[in-house]
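Observations on the three-dimensional arrangement
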Amino acid sequence: DEAEIQIAGIKYDIAAGHYEEAILACDGLLERDTSSAAALQHKANALHSLRRNDEAVEHLGRAIAIDSSDPNVYYLRAFIYLFELGEFEQARSDASQILQLDPDNYRGLGLRAFASWILSPESSEVRMSALRDASSAMESMGRPTSNDFWVYWLRAKLLEQSAQIGAALKDY
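A brief structural summary. Owing to the predicted nature of the structure, the values given are computational and were not obtained by experimental measurement.

**Examining the overall build of the chain**
Counting its secondary structure elements, the chain contains ten helices and zero strands. When the helices and strands of the chain are listed from N to C terminus, the series reads α-α-α-α-α-α-α-α-α-α. Per-residue burial for the chain yields a buried fraction of 43% across its 172 residues. Pairs at least 24 apart in sequence give 50% of the contacts found in the chain among residues at least 6 apart. Counting only carbon and sulfur atoms, one obtains 48% of the accessible surface of the chain, whose full area is about 9,000 Å². Averaging the coordinates of the 16 positive side-chain charges in the chain and doing the same for the 27 negative ones gives two points 7 Å apart.

**Some points on helix α1 (residues 2-15)**
Between its first and last C-alpha, α1 extends 20 Å over 14 residues, near the 20 Å set by a 1.5 Å rise per residue. Taken residue by residue, α1 has Ile7, Ile10, Asp13 and Ile14 as its buried positions. Looking down the long axis of α1, one finds its buried residues gathered within 115° of arc, a one-sided arrangement. Turned more than 90 degrees away from the buried face of α1, the exposed residues are Glu4, Ile5, Tyr12 and Ala15. Buried-residue contacts for α1 involve α2 (19-32) and α3 (37-49). In the stretch just after α1, Gly17 is the one whose phi turns positive, near 80°.

**Structural notes on the packing of helix α5 (residues 71-85) against helix α7 (residues 106-119)**
Remark: α5 packs on α7, axes separated minimally by 11 Å, with the N-to-C direction vectors making an angle of 25°. On the basis of their axis angle, the class for α5 and α7 is roughly parallel. Pair α5 / α7 crosses with left-handed handedness. Here Tyr75, Ala78, Phe79, Leu82 and Phe83 of α5 come into contact with α7, specifically with Arg107, Leu111, Phe114 and Ala115.

**Regarding the side chain of Lys43**
Tracing the sequence through the fold places Lys43 in helix α3. A distance of 3.4 Å separates a polar atom in the side chain of Lys43 from a polar atom in the side chain of His59. Dropping the residues within four chain positions of it, Lys43 is found in contact with Ile23, Cys26, Asp27, Leu30 and His59.

**A few points about the environment of His18**
Assignment of secondary structure puts His18 in the loop between α1 and α2. What makes His18 partly exposed here is its relative accessible area of 33%. Between the alpha carbons of His18 and Ala46 there is a distance of 8.4 Å; along the sequence they are 28 residues apart.

Analysis parameters
Residues numbered from 1 in each chain as written. Predicted model: local features only at pLDDT ≥ 70, side-chain atom pairs only at ≥ 80, totals over all residues. Heavy atoms only, no water. Helix = DSSP H or I, 4+ residues; strand = E, 2+ residues; numbered from the N terminus. Buried < 20%, exposed > 50% of the residue type's maximum accessible area, 1.4 Å probe, protein only. Contact = heavy atoms within 4.5 Å. Areas by Shrake-Rupley, 256 points an atom, 1.4 Å probe, with all protein chains shown as cover. Lys, Arg positive; Asp, Glu negative; His and termini not counted. Charge placed at Lys NZ, Arg CZ, Asp CG, Glu CD. Expected span 1.5 Å × (residues − 1). Arc of directions from axis to C-beta. Axes fitted to C-alpha atoms, helices over the stretch in contact; angles between N-to-C directions. Parallel < 35°, antiparallel > 145°, perpendicular 65-115°, else oblique. Left-handed = near helix turned anticlockwise from the far one by under 90°. Polar contact = N/O pair within 3.5 Å; in protein donor to acceptor, adjacent residues only side chain to side chain.

Structure (structure tokens):
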């Protein structure tokens, strides 16, 4: 299918750091098919890479309105909310949506843990819940990628705050 070939080219452009080209290709695809959730998602990814996060979130919202069954769309939006925009409630909400779609999604578990901890850092109950989520994320992760370091950092920080220094040092 022609759209799939175009999406493959867009993914290549993003991986190669050709973000503007990817955005233009997404725009071309969206001119022909305004309901392409994949084009909206990849455009958002390219926009995020250019630090145009408000635009990225807008496009992700449009993608979700078209197809709300893809946890990856929620992941990118939750990631942007959490790490780029500081909108922690929205990040936690999207992370929870990821887990409704895929209960063992390690990124959803990690994002929910991080957002919850940021929202209530002094609450021991929230810290323990976040620690459970972060530990489950690590168990579900399999082989981590360099993009997943934050899950280890988060669990180490939560263990440290829970006076489990020896365990924390293993994650740092």
